[in-house]
Structure formats: C-alpha cells, structure tokens
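Chain by chain, the residues run as shown.
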Amino acid sequence: MLTTSLLLLAQAAAPGPEAAADASDALTQIGRQDSALLKFVVDLAYLFAAVLLVFGLKMLASPRTARRGNMVAAVGMLIAIVVTLLDQQIVGPWVILAGVIVGGLIGMVAARTVPMTGMPEMVALFNGSGGAASAVVAIAEYWNPGSVVRGDLTFSIGLSILIGMVTVTGSLVAFAKLRGMTIAGVRLGNPLALPGQHVINLVLILFVLGLIVYLTGTPGATWAAVLIIVVAALLGVLLTAPIGGADMPVVVSLLNSYSGLAACATGFVLENTGLIVSGSLVGASGLILTQIMCKAMDRSLLNVLAGGFGQDTAAAGGTEAREGLTVRKMGAEEAAMVLEAAQSLVIVPGYGMAVAQAQHIVAELADLLRDRDVNVMFGIHPVAGRMPGHMNVLLAEANVDYELLRDLDCNPEMPQIDVALVVGANDVVNPDARDNPGSQIYGMPIFDVDRCKTVMVCKRSLNPGFAGIENPLFFKENTTMLFGDAKKMITEIVSELKSA
Amino acid sequence: MDLLVAQLDNEMLTSLGRNLGVFILAILLGFEVIVKVPPTLHTPLMSGSNAISGISIVGALLVAGGDFGWISIVFGFLAVTFATINVVGGFLVTDRMLAMFKRR
C-alpha cells in the first residue's frame, strides 16, 4: 500500500498539464479541458469512496456482514486517500509520509496491544484523535497565507474548530473517566459539576457561537479565532465532566457523532464533497446509535447529558445502612456444592469478569455444567461492562455458544431458575432500579436475579460499583457472596467440581 | 470589476448551495442506514463509524501536501498524524473485535 501511494505521490508531484498551458492560447484551452476532466474523475472517485463507506456502515450493523462491512469501509477510505494524493494540489510528499508513518505506527500498535477490557478507552482516544485532525486542518486553513479568507469559509472554519476541539477534550475526559483515573484523590469517574454548571455551559455555548458569527462578518479577526479554540477546548471538558463514568459509552458514541460533523465542517472549508458526505454520514448515524444505546438503558439522551448520574452522595448513609444487615459469605467448595445440586443456572457477567479476564474459565464452568445436564444460560445486559456489547465480545472470545446468550427477555424465567451466578456485575442486577423510586438508577431495566432461588455474587468487595450506587441485592436472604477475584474464584469452583 | 465580484459571488453561492444539498441528503441517509442494531454490535459499530470519521485525513493530506510554508509542515504533520491514528487504529481495532464473533 505504501509503495502505491509513493508512486501516486510521484505522479502528483510531476508537472501537470498546467505547466505547459501557458505556452499559447490553444494550449491553455486544452489544459483547462484536461484539468476539468481530472476534476470530474476525482469527484467520481470521491463519490465511489463515499458509496463504499455507506455500504460498509450498513453492513457493520448486521452480525453476518459486520466484518466484511468494516473492510469495505476501509477500502472506501483508501480510495479517498489515494484520490486526494492524485489531486494536483499536493506539492510535497515528505510531510505526508512522515505523518502517515508516525500515525500509522501509533494506530497499529495501539490497536494490536489494547486488551479487550480497554476497548472503550481506546475508541475514545481514536475518536479524540480524529477530532483533533479536523480542528488542526481548520486552524491551518485559517492561517494559511495563500488562501483568501472569505466570510462563508470562516463560518465553516469556526464550526470545524468548535466541534473538533470539543471532541478532543471531551474524548480525553471520557478516557480519563473510563480509566478510573484520580486527580488529587478525586475519582474522575464521579460526576464533577460546578454549581450552576448548566448555566455556565449554556453561556459559553452562546458565547462561542457569537464568536463564530462575528468571525463570519469580520474574517480578519484573528483574536476571535484564537478565542474560539480556547473556549471550545474548555467546553469539551465542562460538558463531559458532570457525566458519570457509567454513562461514558453513550458519551463516546455522541462524541463520535461530533467528530463526523467536524469532518463535515472541514469539508465545507475545503469544498470537498467526499468529506461532506462521509462526515455527515457518521454524524447522523452516530446520533442514531447513541439514541439506541440510551434506549437500552431506558433513559433519554438529555437525561444522560444533564449528568449527575451515579454520584457518591450517599456514601455516609450507605455505610450506616449496611449496619444491621448481614452478608452471607461462601467459599469455592460450598459454591461448587450449590452448583452441583442445581438444575438450571443463569450466569450474569459484568465488568468484574472483564477486569479479571475470567471469561475463559467462566466458559469452562458453563461447559462443565452443561455436560452434567444443567440448563445453563448467560444473561447479557445491554449495558453490562463499560460499553454496550462488551460482554458479548468477551464471551465470543471464550467460544461461548451464541445461543446461550440471553437478553433481558429471560426475566420471566428467573423465578424457576435454581442458581444465579453474578460474576463481577453490579448495577445491572441492582433491585433498587426496579423497586426504589428514590434510587438514581430507578427505571433502568435489570436482570431480576433476586427472584432466582439462590443468588451467588462473585465480587471483590462490597464496594459500590462503577456507578457508585449501593446494591441491596448483596444483603438479601437468598444471596451469598463469593469474595475474591473472579478468575481465581471460578477456577477454584471448577477444580472443586472436577474433583468431586 | 464589479462584474467580476458579482461572478465570484455567484460561483461561491452555487457551490455553497450544492454542498448544502449534499450535506442534507447525506444526513438523511445517515439516519436511515442504521435502524436496528443488536447490542452485540454496538461497540464494533461505534468503533467502525469512528474509523470512518477519520475521513478528515483527506483535509489533513491537502494541508500537509499544500504549499503554505511552515503551516503545511507543522499543522500538516500534526493533522496527518492524528487522522492516520484514527483511521488505521479504528479499522484495525474494529476488525479485531469482529474477528471474535465466530459462528459455530
């Protein structure tokens, strides 16, 4: 691929028809026709690339064609890149080569080495990177001494910088929250809001939009352009900070939609149809995907963006409430005995399974029990883990039969199930979401594992989960806790089962 | 002279109008492309469409390959690097995820 691009670069760098065109009027005419033809071919190729991207996206949305869809989209992207290199606006290949090599290496290494548990963070970083590219292109266009800065262009440039910068800093905050980073002892995953934050945000948004309008009327106002960069960067942080870590998947998806729109705005700056089509495509479809994710959590997008969800507010009250409640504990040996006696089992995995890399041993446990005619199924919550579909990816990696994976629609069967084994999941089995209107997660659909005859929860401690909310399930009479690392605990249970 | 300005404006307006038309149609298309997605595919789809938003690489290439002096060099390099990370990383990571969905 690199060699082809090099060849194309050499072609692009060679003197084009224009060089000869000055010779005479007749030649000028031919030169014009040639470049008009070239422009037409370039436009057609961009169109073809855009069509491939549309089909790729469409195929990505269906399980059978997803992988091919990704490749189709990648080919579309490659065509768009090659066409751009062919276009005669490219004079020197060296800066491009350097950028492609550095960026390509970083992207490749990151994509290869990131563990499946770190996937959401990785997508956030890639996304921020794309937003940065759009913003930098717009900034370069504004300060480009060769271009005439027209009002309609500075409008697009302003928008591109705004959306691009919001994507960059927003994605970085999302990354920090997903990583569980802390600054000066403050857990970034908590919703962090200043008093009157929504008002501040609104004022800043209006301010930056005003700046863009001003820049449209007065294209030469450099200070306004600089101010747009700064305020947009600040806005990205302020808009993301109040949203709790558990909602980050939705935020990443929304920021993904933004980075598409940023690319689209860049397309208006450069008057490039390929960019406009692909960018707005991602912008719109990203918004739909965000909507679908919100629906899976039974919340509205506005509710998610307003933030404040999953605050550690009740930390003190939570400790008090714990007193007087008893927690039943169990070791691997007893747990194995419970499982041996069971005829049906539902396994509900969560982020804890991902962290402990326990998917393989959990799959082995399921196989072992199925061989002993236990009816085993997996309850996969749409938002289990830190990203929708997170658990599906992990269990697919561990070769768990797709047919064993059940959605929330298995809830009516819960009362007939002997044992529910919760592996590192918390909020998605919290009965407060169903019973306690005062709870922050009230209304979120959950697995009714508390209605199973026995519940075993494999968890490292009683600490509240990612959303920072207490879980009364742990204190129920039919619940026993298996404290410890999920992988270690399940491994012990499996060896107990085998030896028994 | 006045005529020239008027002509320029006309050309500008025509291309702006055409671009806006393309934009609206593409937005509508984007809304239609994704209707139902099983939760299994939410993450790969997000990651895949994220890779597509790396299309800003086209703009990055034009800046980096342009003849704007130090702006081409500094901003062009940054833009191409960022966009390439997005494109290469995005498609590879999506493929890695999807490769795990083996059918039995």
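Residues numbered from 1 in each chain as written. Chains lettered and ligands numbered in written order. Predicted model: local features only at pLDDT ≥ 70, side-chain atom pairs only at ≥ 80, totals over all residues. Heavy atoms only, no water.

1. Thoughts on helix α19 (residues 486-499) of chain A
Residues and elements named next belong to chain A.
Right, so step 1: With 14 residues, α19 should cover 20 Å at 1.5 Å per step; its first-to-last C-alpha distance of 20 Å lies within 8% of that length.
Right, so step 2: Looking at the buried residues of α19, the elements they touch are α14 (332-341), α15 (351-356), α16 (359-371), β6 (419-423), β7 (454-459) and β8 (479-483).
Right, so step 3: The residue sitting at the N-terminus of α19 and contributing the capping side-chain oxygen is Asp 485; that oxygen lies 3.2 Å from the backbone nitrogen of Lys 487. (Helix = DSSP H or I, 4+ residues; strand = E, 2+ residues; numbered from the N terminus. Expected span 1.5 Å × (residues − 1). Contact = heavy atoms within 4.5 Å. Polar contact = N/O pair within 3.5 Å; in protein donor to acceptor, adjacent residues only side chain to side chain.)

2. A few points about the sheet that holds strand β3 (residues 344-349) of chain A
Residues and elements named next belong to chain A.
Right, so step 1: Taken together, the 6 strands give an open sheet; going across it, the order is β5-β4-β3-β6-β7-β8, and neighbouring strands pair in parallel fashion. With partners counted over all chains shown, the strands left at the sheet margins are β5 (405-406) and β8, one partner each.
Right, so step 2: Bridge analysis of β6 against β7 gives 5 bridges, and the strand direction is parallel. Within the sheet, the bridge partner assigned to Val 422 lies in β7 and is Val 457.
Right, so step 3: Along the sheet face, α14 touches β3, β6, β7 and β8 and points at about 140° away from the line of β7.
Right, so step 4: Helix-sheet contacts for α16 involve β3, β4 (375-379) and β6, and the interaxial angle to β4 is about 150°. (Pairing = 2+ DSSP bridges. Axes fitted to C-alpha atoms, helices over the stretch in contact; angles between N-to-C directions.)

3. A short note on unusual backbone geometry
Residue and element names in this part refer to chain A.
Right, so step 1: In the Ramachandran plot, Glu 271 falls in the positive-phi region, its phi being about 50° despite a non-glycine side chain.
Right, so step 2: Structurally, Glu 271 is set in the loop between α10 (248-270) and α11 (273-296).
Right, so step 3: Phi is positive for Asn 399, which is not a glycine, with a value near 65°.
Right, so step 4: Position of Asn 399 among the secondary structure elements: in the loop between α17 (390-397) and β5.

4. Considerations on the interface of chain B and chain A
Right, so step 1: With 81 residues of chain B at the interface, the matching set in chain A holds 102 residues.
Right, so step 2: Both sides together, the interface formed by chain B and chain A hides about 8000 Å², and carbon and sulfur atoms give 76% of it.
Right, so step 3: Here chain B is connected to chain A by 1 salt bridge.
Right, so step 4: Taken together, the connections running from chain B to chain A amount to 12 residue pairs in polar contact (both at pLDDT 80 or more).
Right, so step 5: Elements with a minimum of two residues in the side of chain B that touches chain A: α1 (2-33), α2 (42-52), α3 (57-65) and α4 (70-99) of chain B.
Right, so step 6: For the side of chain B that touches chain A, the element with the highest residue contribution is α4(B), accounting for 28 residues. (Buried area = accessible area lost by both parts, 1.4 Å probe. Salt bridge = Lys/Arg side-chain N within 4 Å of Asp/Glu carboxyl O.)

5. Observations regarding the pairing of β4(A)
All names here are of chain A.
Right, so step 1: When you tally the buried positions in β4, you get 4 out of 5 residues, the bulk of the element.
Right, so step 2: Sheet analysis places β3 next to β4, joined by 4 bridges and oriented parallel. Looking across to β4, one finds that Val 346 is bridged to Met 377.
Right, so step 3: Sheet topology note: the β4/β5 ladder contains 2 bridges and is parallel. Bridge assignment links Gly 379 to a residue of β5, and that residue is Arg 406. (Buried < 20%, exposed > 50% of the residue type's maximum accessible area, 1.4 Å probe, protein only.)

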